[in-house]
Amino acid sequence: MRSLSNLYQIVLASTCQIARIKSYLRRFVEKADPLDMDAYKDWITKLYDEWPTPGKTLSSGRTKKKNAGEVSITILAEIISWYYPKTEVLTIYSQDADTWELQRKAEANLRDIFTSKIPVPVSYKSNDAILCQLFRNGKISIKELGDCRKNIRKITYSREQIDHSVTLVTEVVDNDLFLELVQDQSVHIIF
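Residues numbered from 1 in each chain as written. Predicted model: local features only at pLDDT ≥ 70, side-chain atom pairs only at ≥ 80, totals over all residues. Heavy atoms only, no water.

A. How the structure looks around the overall build of the protein chain. Counting its regular elements, the protein chain contains 8 helices and 7 strands. Across the 191 residues that make up the protein chain, the buried fraction comes to 36%. Within the protein chain, residue pairs in contact and separated by at least 24 positions form 64% of the contacts whose partners lie at least 6 positions apart. Charged side chains in the protein chain number 27 positive and 25 negative. The centres of these two groups are separated by 4 Å. (Helix = DSSP H or I, 4+ residues; strand = E, 2+ residues; numbered from the N terminus. Buried < 20%, exposed > 50% of the residue type's maximum accessible area, 1.4 Å probe, protein only. Contact = heavy atoms within 4.5 Å. Lys, Arg positive; Asp, Glu negative; His and termini not counted. Charge placed at Lys NZ, Arg CZ, Asp CG, Glu CD.)

B. Structural view of the pattern of salt bridges. Enumeration over the complete set of coordinates arrives at 7 salt bridges. A salt bridge links glutamate 101 to arginine 104; the nearest nitrogen and oxygen atoms lie 3.0 Å apart. Here arginine 104 and glutamate 101 lie together in helix 5 (residues 97-111), a separation of 3 residues that amounts to about one turn. By relative accessible area, which is 23% here, glutamate 101 ends up partly exposed. Judged by its relative accessible area of 38%, arginine 104 falls in the partly exposed class. Residue aspartate 184 is joined to arginine 159 by a salt bridge in which the shortest nitrogen-to-oxygen separation is 3.3 Å. With a gap of 25 residues between them, aspartate 184 in the loop between helix 8 (175-183) and strand 7 (187-189) and arginine 159 in strand 5 (residues 153-160) connect regions that are remote in the sequence. Arginine 159 sits in the partly exposed class, given a relative accessible area of 27%. (Salt bridge = Lys/Arg side-chain N within 4 Å of Asp/Glu carboxyl O.)

C. Looking closely at the pairing of strand 5. The pairing of strand 5 with strand 6 (residues 166-173) spans 8 bridges and is antiparallel. Bridge pairing links threonine 156 to threonine 170 in strand 6. Strand direction decides the pairing type here: strand 5 and strand 7, joined by 3 bridges, are antiparallel. Residue pairing across strands places serine 158 opposite histidine 188, the latter belonging to strand 7. (Pairing = 2+ DSSP bridges.)

D. Highlighting the state of the cysteines. As enumerated under the stated definition, the model contains 0 disulfides in all. The thiol of cysteine 132 is unpaired, and the distance to the nearest cysteine sulfur, on cysteine 148, comes to 13 Å. (Disulfide = S-S within 2.5 Å.)

E. Here's a closer look at the sheet that holds strand 5. Ordered by their spatial adjacency, 3 strands build an open sheet running 6-5-7, and the pairing between neighbours is antiparallel. The strands lining the two open edges of the sheet, one partner per strand, are strand 6 and strand 7. The mean inter-strand angle of the sheet, taken between neighbouring strand axes irrespective of direction, is 30 degrees. Of the strands in this sheet, strand 5 and strand 7 touch helix 6 (residues 127-136), which is tilted by about 135 degrees from strand 7. Strands in contact with helix 8 are strand 5, strand 6 and strand 7; relative to strand 6, the strand with the most contacts, it is inclined by about 155 degrees. (Axes fitted to C-alpha atoms, helices over the stretch in contact; angles between N-to-C directions.)

Right under this line is the structure:
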């Protein structure tokens, strides 16, 4: 039963930044006595079926559930991180910074619950980080890089300053600025 309670704590921590989901879990899943909780497959299925955060209907008729992917990735990352200690490092490939935020806060919350465990480190690679790495390793040219990256999007990167301090920048980056950044060896694309 402890593992059921721990799974609930992981799901709750993984959704801590999304008030509607956290509220749903507290109202419809959480019980004063963990022995009274429904089986995890039942309440997780119900949560997904009744996803409390509005989404949008796709042309296929399917409803895209807002933040469902980020929450799912975070839950999986936290399960692996806390229950598979022989894992050296867990790398998540995602272009969505929300995934990083959810996982980072979930891990911080779970450190208070799993006090006797040490989580497996979680690292991230975005599409932009992979493109930068391919360019710097000589696998693609600057022209090919420009052809691969078409969207203007927000990225986070660090840049070493003249005094060797490091600034952390999050900004919307178009393709021209991205090409400049990857050619600057003092820049490290984070997300």
